[in-house]
Amino acid sequence: NKVRYMLKHDMGSDGDFEFRRDELAMMKGVEASEVSDEAVVASYESWVAEGGSMREYLRLGQLVLFLGNTLFVHGQVIGNQFRCCPGGDEQWSVRVVP
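What you see is a predicted model; the values in this text were computed from it and never measured.

Conventions we followed
Residues numbered from 1 in each chain as written. Predicted model: local features only at pLDDT ≥ 70, side-chain atom pairs only at ≥ 80, totals over all residues. Heavy atoms only, no water. Helix = DSSP H or I, 4+ residues; strand = E, 2+ residues; numbered from the N terminus. Buried < 20%, exposed > 50% of the residue type's maximum accessible area, 1.4 Å probe, protein only. Contact = heavy atoms within 4.5 Å. Pairing = 2+ DSSP bridges. Core = buried A, V, L, I, M, F, W, Y, C linked by side-chain atoms within 4.5 Å. Polar contact = N/O pair within 3.5 Å; in protein donor to acceptor, adjacent residues only side chain to side chain. Axes fitted to C-alpha atoms, helices over the stretch in contact; angles between N-to-C directions. Parallel < 35°, antiparallel > 145°, perpendicular 65-115°, else oblique. Nonpolar A, V, L, I, M, F, W, Y, C, P; charged D, E, K, R; others polar.

Trainee: It is not clear to me how the overall build of the protein chain should be interpreted in this structure. Could you clarify?
Mentor: Each helix and strand in the protein chain was counted, giving four helices and two strands. Across the protein chain, helices and strands are ordered from the amino to the carboxyl terminus as α-α-α-α-β-β. The burial tally for the protein chain puts 17% of its 98 residues in the buried class. In the protein chain, of all internal contacts separated by at least 6 residues, the share reaching a separation of at least 24 is 15%.

Structure below.
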């Protein structure tokens, strides 16, 4: 399904779909085999729906922070619009944290 694909290929979270199934089973007191794919997808969707915990985190959180002349992010910044970019029009990102 699309969520499983996105977790594996877009988010680097291969296995999290089944891990979430295990969590739901534990919370419901059932075997993981009793938790459907649809229930797992619905749990992810509930996190980003109006009032969901991830939606609230994104709404209230500070996802980027400039502290002095240092940029802090979760993940990486990719682009070609930075004054420090080598190579002109090429996409560029920091690949190693000093």
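Trainee: I keep staring at the pairing of strand β1 (residues 64–67) and nothing clicks. Help me out?
Mentor: On a regular strand, each side chain points to the face opposite its neighbour's, so the side chains alternate between the two faces of the sheet. Alignment of β1 against strand β2 (residues 70–73), held across four bridges, turns out to be antiparallel. Among the inter-strand pairings, F66 is bridged to a residue of β2, identified as L71. Hairpin remark: β1 followed by β2, antiparallel, with two residues in the connecting loop; positive phi at G68, about 65 degrees.

Trainee: Whenever I open this one, the nonpolar core confuses me. Can you help?
Mentor: The nonpolar side chains of a soluble globular protein tend to be buried, and buried together. By size, the foremost hydrophobic cluster in this structure holds nine residues: V3, L7, F17, L24, A25, V35, V40, V41 and Y44. At the level of secondary structure, the elements contributing two or more residues to this core comprise α1 (2–10), α2 (16–28) and α3 (37–48). Aside from chain neighbours lying at most four places away, what touches V3 is F17, V41 and Y44.

Trainee: Can you help me understand the side chain of S43 in this one?
Mentor: Among the secondary structure elements, S43 is positioned in helix α3. Its relative accessible area of 7% is what places S43 among the buried residues. In terms of polar contacts, S43 uses its side chain to reach the backbone carbonyl oxygen of V40, at 2.7 Å. Leaving out residues up to four positions away in the same chain, S43 has contacts with R20 and L24.

Trainee: What am I meant to see in the side chain of R21 here?
Mentor: Looking at the secondary structure, you find R21 in helix α2. With a relative accessible area of 9%, R21 lands in the buried category. What R21 contacts, discounting residues up to four positions off in sequence, is R4, A32, V35, S36, D37 and V40.

Trainee: Explain the packing of α2 against α3 here, please?
Mentor: The geometry of a pair of packed helices is captured by two quantities: the angle between their axes and the separation between those axes. Two elements in contact, α2 and α3, have axes separated by 10 Å at closest approach and are oriented at 95 degrees. Relative to α3, α2 is oriented roughly perpendicular. On α3, the residues touching D16, F17, R20, R21 and L24 of α2 are D37, A39, V40, V41, S43, Y44 and W47. For the contact of α2 with α3, the residue count by class is seven nonpolar, one polar and four charged.

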